[in-house]
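So you can see what is in the structure, the chains are spelled out below.
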Amino acid sequence: ILGGYEARPHLRPYMASLQLDGQHVCGGFLIAEQWVLSAAHCTEGTNGKLFQVLLGAHSLSEPEPHKRLYRVRTQIAHPGSNIHNNRDDLLLLQLEEKAELNAHVKVLPFQREDRDVEADTMCEVAGWGTITHSGRRPDKLQQVERPVISRELCNHRTRHDQTITEKMMCTDSRKKDTCKGDSGGPLVCNGVAEGVVTAGSRVCGNYKKPAIYTRIAPYAAWIDGVMASAAG
Ligand SMILES: O=C(O)c1[nH]c2ccc(F)cc2c1NC(=O)[C@H]1C[C@@H]1c1ccccc1
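Here the structure is a predicted model, which means the values were calculated and not measured.

Colleague: I'm lost on the state of the cysteines in this one. Help?
Modeller: By definition, a disulfide links the sulfur atoms of two cysteine residues through a covalent bond. All told, the structure shown has four disulfides when counted by the stated rule. What pairs with Cys123 in a disulfide is Cys189, and their sulfur atoms sit 2.1 Å apart. The S-S bond linking Cys123 to Cys189 shows a torsion near 105°; that makes this disulfide right-handed. On the criterion of sequence distance, the pair formed by Cys123 in strand β8 (residues 122-127) and Cys189 in strand β11 (residues 186-189) is long-range, its members being 66 residues apart. With respect to burial, Cys123 and Cys189 carry one shared label: buried.

Written out as structure tokens, the structure reads:
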């Protein structure tokens, strides 16, 4: 997160850190007791290794009472996701067991009504992604508020030039922005997860390249289907 500030500890009990060999790779969030939603691009370069999911954390390094690392039973990338673009950039992770829910570990509801969030709506995004242009990594969860911008503006020739589909949304990226390592985390508007930070490489903090999110509502049926079929 560029231009943000340290989150109040455990005010975002749905936040997950996807880790490989103890290292934060991407964000994610708890959508059900045994399921985390993140971004498919985060699995690139992991050559099939499964993530571990850290829940209940504020600091990545310090011991905290409700912090717990969960093994992943299965990881399912959306079938439409690919390395060439940001389309269908979603990843579902089933934890080895149901997460122990408490004040520090909670499920975040996601938007199921497929309607665009109005431009200028102020939303918030959190993550352990880079906090400087030189790539400094925070130890504690950061957050920032960002206004939604219209798809029309985001698709302007000088911005993302017609690559933003109706299953994506954008927020203003002037100074305050998401950045590498924040991908997979939720864009929360009025207490509901409306989007997932896409994990395609994008310059951060440049107003000419707004932040891109996968809208969740268009994928509600896919998410429900995967969770139902893997149940039991
Ligand atoms: O965040 C992303 O957009 C993204 N997309 C990817 C694709 C492949 C891939 F192997 C990784 C990523 C990855 N994350 C990262 O590089 C994470 C490692 C870097 C990081 C940044 C800040 C704080 C901690 C760690």
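Colleague: I tried to follow the environment of Gly191 on my own but got confused; where do I start?
Modeller: Tracing the backbone shows Gly191 in the loop between β11 and β12 (192-197). Judged by its relative accessible area of 48%, Gly191 is partly exposed.

Colleague: Help me understand the side chain of Gln19, please; the structure alone is not making it clear to me.
Modeller: Within the element layout of this structure, Gln19 appears in strand β2 (residues 15-20). Not counting the four nearest positions on each side in its chain, Gln19 is found in contact with His24, Val25, Phe51, Gln52, Leu54, Leu60 and Leu69.

Colleague: What am I meant to see in the pairing of β8 here?
Modeller: Working note: regular strand, side chains alternate between the two faces of the sheet. The pairing of β8 with strand β9 (residues 142-149) spans six bridges and is classified as antiparallel. Counterpart to Met122 in the pairing with β9 is Pro147. Relative to β11, β8 runs antiparallel, the two being bridged by two bridges. Residue Glu124 lies in a different strand from β11, and its bridge partner there is Val188.

Colleague: Hey, could you run me through unusual backbone geometry in this one?
Modeller: Trans is the common state for peptide bonds, and a negative phi is the common state for residues other than glycine. Even without being glycine, Gln162 reaches a positive phi, approximately 65°. Overall, the relative accessible area of 58% leaves Gln162 in the exposed class. A positive phi angle, close to 50°, is found at Asn190, a residue other than glycine. Position of Asn190 relative to the elements: it lies in the loop between β11 and β12. Judged by its relative accessible area of 71%, Asn190 falls in the exposed class.

Colleague: Looking at this structure, I do not really get the nonpolar core. What am I missing?
Modeller: A general trend in soluble globular proteins is that nonpolar side chains are found buried together. Within the largest apolar cluster, 46 residues are counted, with the highest numbers of intra-cluster contacts made by Leu18, Phe29, Ile31, Leu37, Val53, Leu55 and Ile223. Where this core is concerned, the elements lending two or more residues are β2, β3 (23-32), β4 (35-38), β5 (52-55), β6 (68-77), β7 (91-95), β12 and α2 (220-230). With 12 residues, the next largest nonpolar core counts Val117, Leu187, Cys189 and Ala211 among its residues.

Colleague: Got a minute to help me understand α2 in this structure?
Modeller: What sets the pattern is the α-helix's 3.6 residues per turn: residues three or four places apart point alike. Listing the buried residues of α2 in full gives Ala220, Trp222, Ile223, Val226 and Met227. Along its buried surface, α2 packs onto β3, β4, β6 and β7.

Colleague: Could you clarify how one ought to interpret the site of the ligand in this entry?
Modeller: Taken together, 13 residues surround the ligand, and among them Val25, His41, Glu44, Gly181 and Ser183 come closest. Taking Gly181, its main chain carries an N or O atom lying 2.5 Å from an oxygen atom of the ligand. Contact between the ligand and Ala199: a nitrogen atom at 3.2 Å from a main-chain N or O atom of the residue. Here the ligand, which alone exposes 530 Å², has 83% of that area covered by the protein. With respect to the pocket detection grid, the ligand is positioned in the largest pocket.

What counts as what
- Residues numbered from 1 in each chain as written.
- Predicted model: local features only at pLDDT ≥ 70, side-chain atom pairs only at ≥ 80, totals over all residues.
- Heavy atoms only, no water.
- Disulfide = S-S within 2.5 Å.
- Helix = DSSP H or I, 4+ residues; strand = E, 2+ residues; numbered from the N terminus.
- Buried < 20%, exposed > 50% of the residue type's maximum accessible area, 1.4 Å probe, protein only.
- Contact = heavy atoms within 4.5 Å.
- Pairing = 2+ DSSP bridges.
- Core = buried A, V, L, I, M, F, W, Y, C linked by side-chain atoms within 4.5 Å.
- Near = heavy atom within 4 Å.
- Polar contact = N/O pair within 3.5 Å; in protein donor to acceptor, adjacent residues only side chain to side chain.
- Areas by Shrake-Rupley, 256 points an atom, 1.4 Å probe, with all protein chains shown as cover.
- 1 Å grid on protein atoms, 1.4 Å probe; cavity = no way out; pocket = protein on both sides within 12 Å on 5 of 7 lines; lining within 4 Å.
- Sits in = over half its atoms within 2 Å of the grid points.

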